[in-house]
Amino acid sequence: MTTLLSTSHVSLIAQTNTLSVNGDLTVNAAADVAAVGVKWLESAQLTEVTLDFFGVTRASSAAISVLFEWLRACHLLGVVVTSIMLSAPLERLTSLAELDALIKSPNAEA
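Since we're looking at a predicted model, the values are computed, not measured.

This part takes up the pairing of strand 2 (residues 10-15). Counting buried positions along strand 2 gives five out of six residues, so the element sits mostly inside the fold. Hairpin remark: strand 1 (residues 2-6) followed by strand 2, antiparallel, with three residues in the connecting loop. The loop that links strand 2 with its antiparallel partner strand 3 (residues 18-23) comprises two residues; one of these, Thr16, has a positive phi angle of about 50 degrees.

In this section: the UniProt feature "domain: MlaB-like STAS" (unreviewed entry) in the protein chain. As annotated by UniProt and renumbered to match this structure, "domain: MlaB-like STAS" (unreviewed entry) occupies residues 19-99. End-to-end, the C-alpha atoms of residues 19-99 are 21 Å apart, and along that stretch the chain is 54% helix and 26% strand.

Turning next to the pattern of salt bridges. The tally for this structure, following the rule as stated, stands at two salt bridges. For Asp24, the salt bridge identified is with Arg58, shortest N-O distance 2.9 Å. Of this pair, Asp24 sits in the loop between strand 3 and helix 1 (27-44) while Arg58 is found in the loop between strand 4 (48-56) and helix 2 (61-77), placing the two residues 34 residues apart along the sequence. Classification of Arg58 by relative accessible area gives exposed; the value is 54%. Note that Glu69 is salt-bridged to Arg72, the shortest N-O span being 3.1 Å. Of this pair, Glu69 and Arg72 are both found in helix 2, three residues apart, which corresponds to roughly one turn of the helix. With relative accessibility at 32%, the residue Glu69 sits in the partly exposed group. Residue class for Arg72 comes out partly exposed when judged on its relative accessible area of 37%.

For the protein chain, mean pLDDT is 90; residues scoring 70 or higher make up 94% of the total. Averaged over each element, pLDDT in the protein chain is lowest for helix 4 (residues 100-104) (73) and highest for strand 2 (97).

Right, let's get into the side chain of Thr18. Assignment of secondary structure puts Thr18 in strand 3. Residue Thr18 is classed as buried on the basis of its relative accessible area, which comes to 17%. In contact with Thr18, other than residues within four places in its own chain, are Ile13, Trp40, Val49, Thr50 and Asp52.

Cut-offs applied
Residues numbered from 1 in each chain as written. Predicted model: local features only at pLDDT ≥ 70, side-chain atom pairs only at ≥ 80, totals over all residues. Heavy atoms only, no water. Buried < 20%, exposed > 50% of the residue type's maximum accessible area, 1.4 Å probe, protein only. Helix = DSSP H or I, 4+ residues; strand = E, 2+ residues; numbered from the N terminus. Pairing = 2+ DSSP bridges. UniProt positions renumbered as here; feature names shortened; annotations may be inferred. Salt bridge = Lys/Arg side-chain N within 4 Å of Asp/Glu carboxyl O. pLDDT = per-residue confidence, 0-100. Contact = heavy atoms within 4.5 Å.

Have a look at this one:
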């Protein structure tokens, strides 16, 4: 387990083939979390990955933006997204925004 980014509100952790976000992923932190995650995806040389947002405490469009940035990076790198785990608040937000189909089919164009 490697902590890639840690602030008072959010942390980003890489473990084997999983990229995990925990805490309150706000607009202020989203760009850094997205960039550090993409950098890890580029350097890890994975064939498949799990994107874990289960530890995100609040529903936020910033978290969804990070997720889609990582999905785009995976697509460009040829990394298969085997699973996307969302916290209950994020699941409600994606459902409300009608993004379920894109997230439940992670290999779709993002």
